[in-house]
Amino acid sequence: MNSEFYKKLVDLYAGRELPSELEDQMEMAAFNDQELSHDMSTLRRTVDMVHAEPAPEFTEESYQRILIRLYASGIDPQPKSPIPSHFQYQLPIQG
């Protein structure tokens, strides 16, 4: 296989999504191609570091903050769930 084919597979290699036979072939090809070797090693390290980070916490406050930014930029999203009542202004009853 040629070097261009391996360069297209670097992202799958970095995510450890390739079969072991193809991964071994890529590593042998990288032995002769310095650029391919660099791309493979740096991208794999990057993917491993991203996976090692804890997942971000998505709270109700985060959801509301995102909605407010969308509304401010002129986008009117149509969420599947109803807007919570605490997001609406309560008007006093005139008697």
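Refer to the preceding data block for the structure.
Every chain's residues receive numbers from 1 upward, in the order its sequence appears when written. The predicted nature of this model means local features are confined to residues of pLDDT at least 70 and side-chain atom pairs, given and counted, to a pLDDT of 80 or more, with totals for whole chains, interfaces and linings taken over all residues. Side-chain metrics rest on all non-hydrogen atoms present in the structure, leaving aside hydrogens and water.

Student: Go over the packing of aromatic side chains, please, and point to the residues and values.
Tutor: Centres within 6.5 Å are what make two rings of Phe, Tyr or Trp a pair, Trp counting through its six-membered ring; a difference in plane orientation under 30 degrees is then read as stacked, over 60 as edge-to-face, and the rest as tilted. Tallied over the entire structure, the rule returns two aromatic pairs. For the pair Phe58 and Tyr63, a centre-to-centre distance of 6.4 Å together with 80° between the ring planes defines the contact as edge-to-face. Remark: exposure states derive from per-residue accessible area (1.4 Å probe, protein chains only) relative to the maximum for the residue type, with buried under 20%, exposed over 50%, and partly exposed in between. Taking relative accessible area as the criterion, Phe58 reaches 57% and is therefore assigned exposed.

Student: Explain the pattern of salt bridges to me, using residue names and the numbers behind them.
Tutor: Here, a salt bridge means any side-chain nitrogen of Lys or Arg that lies within 4 Å of a carboxyl oxygen of Asp or Glu. Applying the stated criterion across every chain yields a total of four salt bridges. Across the salt bridge formed by Lys7 and Glu35, the nearest N and O atoms sit 3.6 Å from each other. With Lys7 in helix H1 (residues 3–8) and Glu35 in helix H4 (residues 34–52), this pair connects stretches of sequence that are 28 residues apart. You can call Glu35 partly exposed: its relative accessible area is 48%. A run of H or I in DSSP counts as a helix once it spans at least four residues, and a run of E counts as a strand once it spans at least two, with each numbered from the N terminus.

Student: Break down the nonpolar core for me, with residues and values.
Tutor: The set of buried Ala, Val, Leu, Ile, Met, Phe, Trp, Tyr and Cys residues whose side-chain atoms join them within 4.5 Å is what this entry labels a nonpolar core. Counting residues in hydrophobic clusters, the biggest one holds ten residues: Tyr6, Leu9, Val10, Tyr13, Leu18, Leu22, Met26, Ala30, Leu36 and Met40. Among the secondary structure elements, those contributing two or more residues to this core are helix H2 (10–14), helix H3 (20–32) and H4. It is H3 that provides the largest number of residues to this core, a total of three residues. When checking whether two residues touch, look at their non-hydrogen atoms; a contact exists if any pair is within 4.5 Å. Setting aside chain neighbours within four positions, we find Ala30 in contact with Leu36, Ser37 and Met40.

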